[in-house]
Amino acid sequence: KSIFVGDYITVTFRNGSAIFKSDSITAIAILQEFLTKLAIENNVSITNVNIDVDLQSAMHFFNLIRNKLEYHHSVHEQHSWISALKEIESHENDILCLSDKMQNILKNSDEIYNSYKTSPKHLQFIKNMIWSNICNFAKLRNISMTKRNLEELR
């Protein structure tokens, strides 16, 4: 199970065959490469390999990542309020005139700031996961990904 996203790989073994399932297209692609390399190193033939890349499964993976993106968007939004809220706090004796949301941002400003500092690394990691899944989806479906196709997706 992936700790970051919460997706997982399941394996079912039957009479000389195995069925691998995962919401992560990249996990399946890595597994395919690993098994192919292992078979070549051990001079073993793998026959009848069927890879069924389910679009709904791929979409589910993106929905799992969506929560992470929404969290980081929220952190950036909250961070943008902090300096203005601290300015208000420094001039006002009572901040009860602020909405609960703004009071909460002010109260948690240190945690928000710390999350904001690490956010770019997390967002780059998420971006890499998304691109990896898109490219592996195309690869496993035998779809050619040209430079133009990638630019259209951006």
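Predicted model only: the values in this text are computed from it and were never measured. (Residues numbered from 1 in each chain as written. Predicted model: local features only at pLDDT ≥ 70, side-chain atom pairs only at ≥ 80, totals over all residues. Heavy atoms only, no water.)

Before going further, it helps to examine the pattern of salt bridges. A full pass over the atoms with the stated rule returns three salt bridges. The shortest N-O distance in the salt bridge between Glu70 and Arg66 comes to 2.9 Å. Taken together, the residues Glu70 and Arg66, both in helix α2 (residues 55–91) and four residues apart, mark about one turn of the helix. A salt bridge links Glu77 to Lys101, with the nearest nitrogen and oxygen atoms 3.8 Å apart. With a gap of 24 residues between them, Glu77 in helix α2 and Lys101 in helix α3 (residues 100–107) connect regions that are remote in the sequence. Among the residues examined, Lys101 registers a relative accessible area of 47% and is labelled partly exposed. (Salt bridge = Lys/Arg side-chain N within 4 Å of Asp/Glu carboxyl O. Helix = DSSP H or I, 4+ residues; strand = E, 2+ residues; numbered from the N terminus. Buried < 20%, exposed > 50% of the residue type's maximum accessible area, 1.4 Å probe, protein only.)

On to the packing of α3 against helix α4 (residues 109–140). Relative orientation of the contacting elements α3 and α4 amounts to 70 degrees, with a least axis distance of 5 Å. With respect to α4, the element α3 is oriented roughly perpendicular. Contacts between α3 and α4 involve Ile105, Leu106 and Lys107 from the first element and Ser109, Glu111 and Ile112 from the second. Class assignment for the residues of the contact of α3 with α4 results in three nonpolar, one polar and two charged. (Axes fitted to C-alpha atoms, helices over the stretch in contact; angles between N-to-C directions. Parallel < 35°, antiparallel > 145°, perpendicular 65-115°, else oblique. Contact = heavy atoms within 4.5 Å. Nonpolar A, V, L, I, M, F, W, Y, C, P; charged D, E, K, R; others polar.)

Our next topic: the environment of Ala138. For Ala138, the position within the fold is in helix α4. On the basis of relative accessible area, Ala138 is assigned to the buried category, the value being 3%. In this structure the C-alpha to C-alpha distance between Ala138 and Val53, which are 85 residues apart in sequence, comes to 9.4 Å. Sequence-distant contacts of Ala138, that is, excluding residues within four places in its chain, are made with Ile143 and Met145.

Sheet topology note: the strand β1 (residues 9–14)/strand β2 (residues 17–22) ladder contains six bridges and is antiparallel. Looking at β2, one finds that Thr12 is bridged to Ile19. From the end of β1 to the start of β2, which pair antiparallel, there are two residues, and Asn15 there has a positive phi angle of about 25 degrees. (Pairing = 2+ DSSP bridges.)

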